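Fold and contact review
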Amino acid sequence: MTLYEGLPRAVPEDVGMSTSRLGRITPVMQGYVDTGKIPCALTMIARGGRLVHFEKFGTQDIAAAKPIQFDTIFRLYSMTKPITSIAVMMLYEEGHFQLTTPIAEFVPHFKDMKVYTEDGSAIVDAEREVTIKHLLTHTAGLIYESDRENHPIDQRYEDADLYGGDLTNMIQKLGDIPLIHHPGDAWKYGMSTDVLGYLVQVVSGMPFETFLKTRIFNPLDMNDTGFSVRVENADRSSKVYEFGEDGKLQAIEKVHAATGPLSFFHSGGGGLQSTAADYLRFCQMVLNDGELDGVRLLGRKTAELIRMSHVPPDWLAPKRTGTGFGLGFAVVTDVADTHTLGSLGTCSWGGMASTTFWIDPVEELIGIFMTQLVGADSPFQAQFRILTYQALME
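The subject of this paragraph is the pairing of strand β16 (residues 347-350). The alternating pattern of β16 places Cys347 and Trp349 on one face and Ser348 and Gly350 on the opposite face, and all of these are buried. Relative to strand β17 (residues 356-360), β16 is paired through four bridges, and the arrangement is antiparallel. Bridging from a neighbouring strand, Ser348 pairs with Trp358 of β17. Here β16 hands over to β17 after five residues, with Ser354 in that stretch at a positive phi of 75°.

Following this line, the structure appears as structure tokens:
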């Protein structure tokens with residue numbers, strides 16, 4: 001095993017996959033690069049704890065014509081959320097709180113929260129307190145933006161300038177903004193995991209980034225994961241792209257929530273950067289019920305609880321049919337309703353720059369797709385998943 005691969009290699013046939021069928025991935029992904037639909041891609045597949053596919057396509061810096069490398073460093077954005085959620089569950093196992101514990105016991109700014117009425121015309125008292133489980137399942141009433149035009153909450157979020165200070169300042173501001181719905185009444189994706197990052201900081205008594213480094217990244221040998229890129233590794237960091245008005249890829253000069261050229265806001269919801277190999281090690285730990293290479297971060301029953309769905313599947317519809325939500329991950333609850341290949345209990349998530357992963361406990365299968373494209377509208381992620389599953393033989 002080399003450092004950039006994350007897990008030991010295996011011949012695909014030795015773990016029940018077909019080498020020739022995995023070969024179908026290359027022309028499809030190369031086609032997306034050649035037609036300018038994505039700047040680059042790393043595709044990674046592991047089964048039974050062994051790496052069976054790892055390929056690279058395209059460039060991490062188009063202007064410099066710099067090819068992507070196996071150890072390229074990517075912005076994870078929302079693929080940070082599962083890592084933060086695992087950190088919370090590690091503290092849960094130590095007895096610091098229950099899942100039903102109100103977050104206000106540790107973060108007083110969330111005491112006596114207010115809630116917008118359904119039409120946004122009035123503000124009322126929350127019917128119940130925000131709990132840690134509400135935050136883990138995105139049912140707290142915190143959002144990124146509303147799905148209703150001209151809702152006043154959007155202006156409140158914009159005016160708050162949540163990334164304008166440090167993590168403590170962000171949490172104080174969030175506590176002053178009414179929730180979009182009563183805690184536990186709906187699933188709304190948003191800032192919940194940022195609050196959990198602050199919870200980790202408060203409960204552990206150490207900075208959030210220090211907890212992640214000492215309790216997760218160092219033990220799992222995730223040496224390239226963190227909220228900043230070391231100066232000596234700057235040339236390994238990929239540019240982030242979007243489509244310009246001319247329909248062509250262009251680098252984003254001001255990367256979201258960046259605090260410097262190689263540093264990012266310590267956001268539990270979206271601040272980490274990592275390599276594919278590092279993230280594979282994290283995923284394998286989750287698949288192994290909390291353990292990897294003799295290092296145990298979670299107990300088996302805790303890992304099982306994390307991978308269960310804790311919300312009704314229709315709360316995530318229509319975009320995620322057949323899918324519920326666990327403690328930090330989306331979870332497949334009905335394979336047929338997902339309209340793609342997979343297994344019950346598969347957990348997954350993605351990031352704003354079109355990164356994605358999934359962990360299939362039935363097939364002992366992990367897939368990771370890395371690129372750096374914001375605002376993508378293309379089926380390359382879904383096609384990668386299909387191309388992975390069609391290669392299974394046993």
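The structure having been displayed, the exposition proceeds.
Moving on, we get to the pattern of salt bridges. Applying the stated criterion across every chain, the model contains 17 salt bridges. Here Lys114 and Asp125 are joined by a salt bridge, their closest N and O atoms 2.3 Å apart. With Lys114 in strand β5 (residues 114-116) and Asp125 in strand β6 (residues 123-125), this pair connects stretches of sequence that are 11 residues apart. The exposure class of Asp125 is exposed, given its relative accessible area of 51%. Notably, a salt bridge pairs Arg307 with Asp289, separated by 2.9 Å at the nearest N-O pair. Separated by 18 residues along the polypeptide, Arg307 in the loop between α10 (300-306) and β14 (323-325) and Asp289 in the loop between α9 (276-287) and β12 (291-292) bring together distant segments of the chain.

Before going further, it helps to spend a moment on unusual backbone geometry. Even without a glycine there, the phi angle at Ala257 is positive, about 60°. Tracing the backbone through its elements, the reader meets Ala257 in the loop between β8 (249-251) and β9 (258-260). Located in the positive-phi region is Glu364, a residue other than glycine, with phi close to 50°. Among the structural elements, Glu364 can be located in the loop between β17 and β18 (365-370). The class for Glu364 is partly exposed, based on a relative accessible area of 45%.

The next point concerns the nonpolar core. Counting residues in hydrophobic clusters, the biggest one holds 91 residues, and the most contacted among them are Leu174, Leu212, Ile216 and Tyr279. If one sorts the elements of this core by residue count, α9 sits on top with nine residues. Each residue touching Tyr279, except ones within four places of it in the same chain, is listed here: Leu76, Met79, Pro82, Ile83, Ser274, Phe357, Ile368 and Met370. Val33, Ala41, Val52 and Leu373 belong to the second largest nonpolar core, which has 24 residues in total.

Rules used in this analysis
- Residues numbered from 1 in each chain as written.
- Predicted model: local features only at pLDDT ≥ 70, side-chain atom pairs only at ≥ 80, totals over all residues.
- Heavy atoms only, no water.
- Buried < 20%, exposed > 50% of the residue type's maximum accessible area, 1.4 Å probe, protein only.
- Helix = DSSP H or I, 4+ residues; strand = E, 2+ residues; numbered from the N terminus.
- Pairing = 2+ DSSP bridges.
- Salt bridge = Lys/Arg side-chain N within 4 Å of Asp/Glu carboxyl O.
- Core = buried A, V, L, I, M, F, W, Y, C linked by side-chain atoms within 4.5 Å.
- Contact = heavy atoms within 4.5 Å.

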